[in-house]
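Letter by letter, the chains look like this.
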Amino acid sequence: MIVITGPTASGKSALAVELASRLQTEIISADSRQIYKGIPIATALPSADEMKGIPHHLLDFLDLTEYYSAARFEEDAEGLLKNILRDRGSAIICGGSMLYIDALVKGIDELPTVPDEIRDSLMKEWKAEGDSRLLDMLKSLDPEYFKRADLKNLKRVFHAVEVSITAGRPYSSLLSGKATKGNRDYEVVKFCLSGQRPKLFDRINRRVELMVETGLEEEARRVYGMRHLNSLNTVGIKEMFAFFDGLLSREEAIARIQKNTRVYAKKQLTWHKRDLEINYLDFSSAQSANVEIILSKLH
């Protein structure tokens, strides 16, 4: 299993496609936003031309109204991985969603399935009473997790609250923090695209400009009526919603998208530094050169 990861706009998709072509294998996407249908520009979904005939999985398949998680990704990806490895001998996991990659590589703690009625009731309460109510619930249900959680990541806070309610015990008590996939029958090799931050940030800024040129505003307007959905709490979409609401000018919204994307890229880079098994590649190098480095490593 070959993992291709890296910060947003570093060229992961193109590298994965060229590598898959050389190895005659398939790609499983590990992107928590490209799973959704209807927002291809905001999520930088690769086009058919960019895929170059290489089979891609777990892309553009889920309705915006549907719930998805790292646990579901692990289950879906494991099923695909087994078949691809059997038929092709290798498989490529490509994406920048760190939790998804860790879930597949290391395993994930067994958490209870949250009933729809609990999730729906909690969502209504959150909408009615605001973010402070959600944070108060987490502090009450799981003070330990409250101390170490990223409280600005309200999706994660919501998940911790709903699991705590379902399990009848704190969310943090269910997290072992231990890898659970030590006996796999395949090898995992990880590669991460990296490089100079000024160059990366310039690529991000240019990508956002291209997204705007190709219709990001129109795409956001099409889904504006569903703005309450968690799937639309996405960089590129939420800033456009703020523009539609009169909170930002169009120029300010575009600049905010660029800034928030750079912030996300920094988080990805920090996450990657924790993983001592990663092999680094320079995103400024030619794709073909990076492919040769990967093939040499595999051999």
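Now for a quick tour of the structure. These numbers were taken from a predicted model, which means no experiment stands behind them. (Residues numbered from 1 in each chain as written. Predicted model: local features only at pLDDT ≥ 70, side-chain atom pairs only at ≥ 80, totals over all residues. Heavy atoms only, no water.)

Take the pattern of salt bridges next. A complete count under the given rule lists 14 salt bridges for this structure. One salt bridge connects R221 with E217, and the closest N-O pair in it is separated by 3.2 Å. Of this pair, R221 and E217 are both found in helix α10 (residues 216–222), 4 residues apart, which corresponds to roughly one turn of the helix. Overall, the relative accessible area of 13% leaves E217 in the buried class. Residues E217 and R250 are paired through a salt bridge, measuring 2.7 Å at the closest nitrogen-oxygen approach. With a gap of 33 residues between them, E217 in helix α10 and R250 in helix α12 (residues 250–273) connect regions that are remote in the sequence. Overall, the relative accessible area of 30% leaves R250 in the partly exposed class. Because the salt bridges share partners, they merge into one network encompassing E125, E129 and R133. (Salt bridge = Lys/Arg side-chain N within 4 Å of Asp/Glu carboxyl O. Helix = DSSP H or I, 4+ residues; strand = E, 2+ residues; numbered from the N terminus. Buried < 20%, exposed > 50% of the residue type's maximum accessible area, 1.4 Å probe, protein only.)

Turning our attention to helix α6 (residues 131–141). Burial in α6 covers these residues: L134, M137 and L138. With its buried residues spanning 100° around the axis, α6 presents them on a single face. The elements touched by buried residues of α6 are α5 (116–129), α7 (143–148) and α8 (154–167). (Arc of directions from axis to C-beta. Contact = heavy atoms within 4.5 Å.)

By the definition in use, this model includes 9 aromatic pairs. Between F73 and Y100, the ring centres sit 4.7 Å apart and the planes meet at 20°, which makes this aromatic pair stacked. With F73 in helix α3 (residues 70–88) and Y100 in helix α4 (residues 98–106), this residue pair connects regions lying 27 residues apart in the sequence. For F73, a relative accessible area of 1% corresponds to the buried category. Classification of Y100 as buried rests on a relative accessible area of 5%. Here the aromatic cluster, defined as three or more aromatic residues joined through ring pairs, consists of F61, Y68, F73 and Y100. The ring of Y67 has R119 lying over it, and the distance from NZ or CZ to the ring centre is 3.7 Å. (Phe/Tyr/Trp six-rings, centres within 6.5 Å; stacked < 30°, edge-to-face > 60°. Lys NZ or Arg CZ within 6 Å of the ring centre and 35° of its normal.)

This part covers α5. Between its first and last C-alpha, α5 extends 20 Å over 14 residues, near the 20 Å set by a 1.5 Å rise per residue. For α5, the secondary structure elements touched by its buried residues are α6 and α8. (Expected span 1.5 Å × (residues − 1).)

Turning next to the environment of E277. Among the secondary structure elements, E277 is positioned in the loop between α12 and β6 (278–282). Separated by 88 residues in sequence, E277 and V189 have C-alpha atoms that sit 7.8 Å apart. Polar side-chain contacts of E277 include one of 3.4 Å to the side chain of K190. (Polar contact = N/O pair within 3.5 Å; in protein donor to acceptor, adjacent residues only side chain to side chain.)

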